[in-house]
Amino acid sequence: MTQSERNIHPSFDQFVSRHNKEWLLQQRSKVVWLTGLSGSGKTTIAKGVERVLFEMGHITMILDGDNVRAGINNNLGFSPDDRKENIRRIAETARLFLDSGIVTICSFVSPMEEMRQAAASIIGKNDFIEVYINTPLAECERRDVKGLYAKARKGEIKDFTGINAPFEVPAHPALEIMTKGQTVEDSVRQLLEYVVPLIQHDGVR
Ligand code: ADP
């Protein structure tokens, strides 16, 4: 045992449990993991769902690609190793919120099955709800919310998912939302119908 190991005294038995925090908040926590192309609607749906859950009295947290990359992951780029580390930190962060009883909505392109599986195994399969925001590439490109598709087509962005980097369609998502031809309200409602029963608390301590 090293000197520094001798100075670490884990005391998990003294922490208030997730179970008790869920009781306090009167909700069951889950991680809702939205995956899909840029512009598919992840952030829009996450915000809409959060607003309704808040009005219903639920505490939520949104972890979103751009915010995380501007903050906790601002030292990471888009190399394969950095993309892996990006997802690992996001999943570990989501787990902290999960363990605090908070319903956590993660909005990340997360294009590879391997990444989503890595996130699922950090978060725990029972708490990880994979939702595929299925919007065709042509529709995402038509929306081009951030002008990124135009830049990628001009060759100004390397490895842009859907243009010159792959998106692996989730094999068995818990839910698939096809936003094309759907209003934002419809998509938000579809996700709420799935999530609300899962976060209901039975009131028993
Ligand atoms: P992402 O977070 O996946 O990159 P955004 O949510 O930023 O995507 O952008 C999605 C765009 O598509 C928004 O401008 C939104 O208004 C539009 N949109 C149109 N229909 C829908 C829908 N049914 N669900 C979500 N977004 C939609």
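That block above? That's the structure.
Here the structure is a predicted model, which is why all the values come from computation and not from measurement. (Residues numbered from 1 in each chain as written. Predicted model: local features only at pLDDT ≥ 70, side-chain atom pairs only at ≥ 80, totals over all residues. Heavy atoms only, no water.)

Undergrad: Can you walk me through the site of the ligand in this structure?
TA: Around the ligand, 16 residues are found, and the nearest of them are Gly39, Lys42, Thr43, Thr44 and Gln182. Contact distances for the ligand include 3.2 Å between an oxygen atom and a side-chain N or O atom of Arg143. In the complex, 80% of the free accessible area of the ligand, which totals 570 Å², lies under the protein chains. Of all elements in the fold, only α3 (42-55) and α9 (184-199) reach the threshold of two or more residues within the shell around the ligand. Looking at which element gives the most residues to the shell around the ligand, the answer is α3, with 4 residues. (Near = heavy atom within 4 Å. Polar contact = N/O pair within 3.5 Å; in protein donor to acceptor, adjacent residues only side chain to side chain. Areas by Shrake-Rupley, 256 points an atom, 1.4 Å probe, with all protein chains shown as cover. Helix = DSSP H or I, 4+ residues; strand = E, 2+ residues; numbered from the N terminus.)

Undergrad: How should I be thinking about the side chain of Asp64 in this particular structure?
TA: Residue placement: Asp64 occurs in strand β2 (residues 60-64). Buried charged residue Asp64 carries no salt bridge. Nearest counter-charge: Lys146, at 6.1 Å. A polar atom in the side chain of Asp64 sits 3.3 Å from the side chain of Ser107. Dropping the residues within four chain positions of it, Asp64 is found in contact with Thr43, Ser107 and Phe108. (Buried < 20%, exposed > 50% of the residue type's maximum accessible area, 1.4 Å probe, protein only. Lys, Arg positive; Asp, Glu negative; His and termini not counted. Salt bridge = Lys/Arg side-chain N within 4 Å of Asp/Glu carboxyl O. Contact = heavy atoms within 4.5 Å.)

Undergrad: It is not clear to me how helix α6 (residues 113-123) should be interpreted in this structure. Could you clarify?
TA: Residues separated by three or four positions in an α-helix point in the same direction, a consequence of the helix having 3.6 residues per turn. For α6, the complete set of buried residues consists of Met115, Arg116, Ala119, Ala120, Ile122 and Ile123. Here the buried residues of α6 occupy an arc of 165° about the axis, which is enough to place them on one side. The outward face of α6, more than 90 degrees from its buried face, is lined by the exposed residues Glu114 and Ser121. In the stretch just after α6, Gly124 is the one whose phi turns positive, near 105°. (Arc of directions from axis to C-beta.)

Undergrad: Would you mind going over the pattern of salt bridges with me for this structure?
TA: Opposite charge on two side chains permits them to pair, given that their charged atoms come into close proximity. According to the stated counting rule, one finds 15 salt bridges in the structure shown. Taking the shortest distance from any N to any O, the salt bridge between Arg116 and Glu130 comes out at 3.1 Å. Here Arg116 is found in helix α6, whereas its partner Glu130 is found in strand β4 (residues 128-133), with 14 residues between them in sequence. Accessibility expressed as a relative area gives 1% for Arg116, which makes it buried. Residue Glu130 is classed as buried on the basis of its relative accessible area of 8%. Residues Glu156 and Lys154 are paired through a salt bridge, measuring 3.8 Å at the closest nitrogen-oxygen approach. Both residues of the pair, Glu156 and Lys154, count as exposed. One salt-bridge network, in which partners are shared between bridges, spans Arg18, Glu22, Arg28, Lys30, Asp127 and Asp202.

Undergrad: So what exactly am I meant to see when it comes to the environment of Phe167 here?
TA: With respect to the helices and strands, Phe167 occurs in the loop between α8 (148-153) and β5 (175-177). By relative accessible area, Phe167 is classed as buried at 17%. Sequence separation between Phe167 and Ser110 is 57 residues; the distance between their C-alpha atoms is 8.3 Å. Excluding residues that lie within four positions of it along the chain, Phe167 makes contacts with Thr35, Gly36, Leu37, Val109, Ser110, Pro111, Arg116, Tyr132 and Thr161.

Undergrad: Explain the pairing of strand β1 (residues 31-35) here, please?
TA: Side chains on a regular strand alternate between the two faces of the sheet. Burial runs high along β1: 5 of the 5 residues are buried. Here β1 runs beside strand β3 (residues 103-107); their pairing, made up of 4 bridges, is parallel. Bridge pairing in β3 links Trp33 to Cys106. Inspection of the sheet shows β1 paired to β4 by 5 bridges, in the parallel sense. Considered in β4, the bridge of Leu34 is made with Val131. (Pairing = 2+ DSSP bridges.)

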